[in-house]
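So you can see what is in the structure, the chains are spelled out below.
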Amino acid sequence: MGNEEELLIRRAQRGNLKAFEDLVKRYDEKIMRLIFNMVSDAEDTRDIYQEVFLKAYQSITNFRFASEFYTWLYRIAVNTCINFRKRKTIVQHDSLDSYLDGNNDNWQILNTSEIRNPEEQLINKELSEQIQKSIDRLPARQKSVFVLKHYHGYKLSEIAVIMNCSEGTVKNYMFRAVQKLKISLQGYQQL
Amino acid sequence: MEKCKKNRKLIWLTIYNELSSEQKSQLEIHLQACSDCQSDYEEALRLRRALDEKIQVAPTAAQLEASRAELHQRLLLLSQPRLQKSWFDKVWQIVSLDFAPSWRFATAVALLTFGVLIGNFYSRKAATEYNFYQQQISELLESNISNIESVTYDPVTRQVAIELNTLNDFTIQGNIEKPEIQQLLAHSIVVRYQNLSIRKKIPESD
């Protein structure tokens, strides 16, 4: 954690709104991506985004600098997503079509360069939807670990801090998650 | 076999670059010797590549700005100091039954009960006071009054003080409009003691 960030956190803890919003700007893009990966719905993502940062603002005085600020923020985000899934019994996902046609002003595809022609695009879309369904079937904590590792590239030690558990537990969650994904995607991919 | 079970976990750890260089070299030695684990490793690599194919979306700058603006408004509301209600507002809220509909009926009943209790209390108090005067006057009239020493009337408070000589000195005091006082005045002055000299005292002013 840099000195500048520590200063912003201390100001935010004293109730400085501008300092808190500066912290939000540092992490909200990644947090929003994480939320989208967890819930796969743009509207739910927007709602959870608000909930996460309001919770962070209300509890920032509890941050004791024992961990990195982003791990503390990610923990709030992951827990909020898990609780959201518990509250929401009917889970709806946005179709990827709305992102692929390029008319969506709010969301953009990150890995567009890998999609070369319409046929590949269709295959890619079907595979993506199948992967998303498989990920959604994972238990909440396995899913959180897998998403943080695979799509956000965090180290298992960092994920252990975010998930507030041991690194060994995280390894187990990760291993079980990939085993389940392997089974559910067996007929779909070129394994 | 046990070693292969352990290595299956290590395969995933090496794919995600979570092994130390020493663990990595040990695994590589094992993979060269064990075809099953080598096959697992290749399978894991293919799955990793397939998972990488998943379309990843990210919020646009416009989406982030809109969300930040909404958050800003919510944070402003959250950071506003909460207004303290004055006692007048609190009383007015009760009097005007400014509650949730489910509480209005209960509050109306509570206020009505309170009113009835207050009314009952004062009516009992007035009755007790009246009975006290009645008893005092009747006892007095039946006693042997020898003289009326003085009558003091205060026009401001409209209080009359009648100092009587009975077997014991006795003073009774009350509002001039009270029928008991009037009855006593009439009885003592007009009927029985009209010939006696009664001093009229003027209340001392402050």
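Our structure is the block above this text.
Residues numbered from 1 in each chain as written. Chains lettered and ligands numbered in written order. Predicted model: local features only at pLDDT ≥ 70, side-chain atom pairs only at ≥ 80, totals over all residues. Heavy atoms only, no water.

Colleague: I tried to follow the packing of aromatic side chains on my own but got confused; where do I start?
Modeller: The geometry of an aromatic ring pair is captured by the separation of the ring centres together with the interplanar angle, meaning the angle of the planes. Per the counting criterion, the structure on display carries 14 aromatic pairs over all chains. Taken together, a centroid distance of 5.8 Å and an interplanar angle of 85° make the contact between A:Phe146 and A:Tyr151 edge-to-face. For A:Tyr151, a relative accessible area of 10% translates into the label buried. Members of the aromatic cluster, each reached through a chain of ring pairs, are A:Tyr27, A:Phe63, A:Phe65, A:Phe69 and A:Trp72. Note that A:Arg10 overlies the ring of A:Phe65, its terminal NZ or CZ placed 4.2 Å from the centroid. The ring of A:Tyr151 carries the charged tip of B:Lys54 above its face, separated from the ring centre by 5.3 Å. (Phe/Tyr/Trp six-rings, centres within 6.5 Å; stacked < 30°, edge-to-face > 60°. Buried < 20%, exposed > 50% of the residue type's maximum accessible area, 1.4 Å probe, protein only. Lys NZ or Arg CZ within 6 Å of the ring centre and 35° of its normal.)

Colleague: Whenever I open this one, the pattern of salt bridges confuses me. Can you help?
Modeller: Note on pairing: side chains with opposite charge can pair once their charged atoms come close. Tallied over the full model, the rule gives 15 salt bridges over all chains. A salt bridge links B:Arg48 to B:Asp52, with the shortest nitrogen-to-oxygen separation between them at 3.7 Å. On the criterion of helical spacing, the pair formed by B:Arg48 and B:Asp52 is a turn pair, its members being four residues apart in helix H3 (residues 35–52). For B:Arg48, a relative accessible area of 22% corresponds to the partly exposed category. The class for B:Asp52 is partly exposed, based on a relative accessible area of 34%. Taken together, the shared-partner salt bridges in this structure form one network comprising A:Glu4, A:Glu5 and A:Arg26. (Salt bridge = Lys/Arg side-chain N within 4 Å of Asp/Glu carboxyl O. Helix = DSSP H or I, 4+ residues; strand = E, 2+ residues; numbered from the N terminus.)

Colleague: Looking at this structure, I do not really get unusual backbone geometry. What am I missing?
Modeller: Both trends apply: most residues other than glycine have a negative phi, and most peptide bonds are in trans. All names here are of chain A. Notably, serine 40 is not glycine yet its phi reads approximately 55°, a positive angle. What makes serine 40 buried here is its relative accessible area of 5%. Look at phenylalanine 65: it is not a glycine, yet its phi comes out positive at around 65°. Within the secondary structure, phenylalanine 65 sits in the loop between helix H3 (42–59) and helix H4 (69–87).

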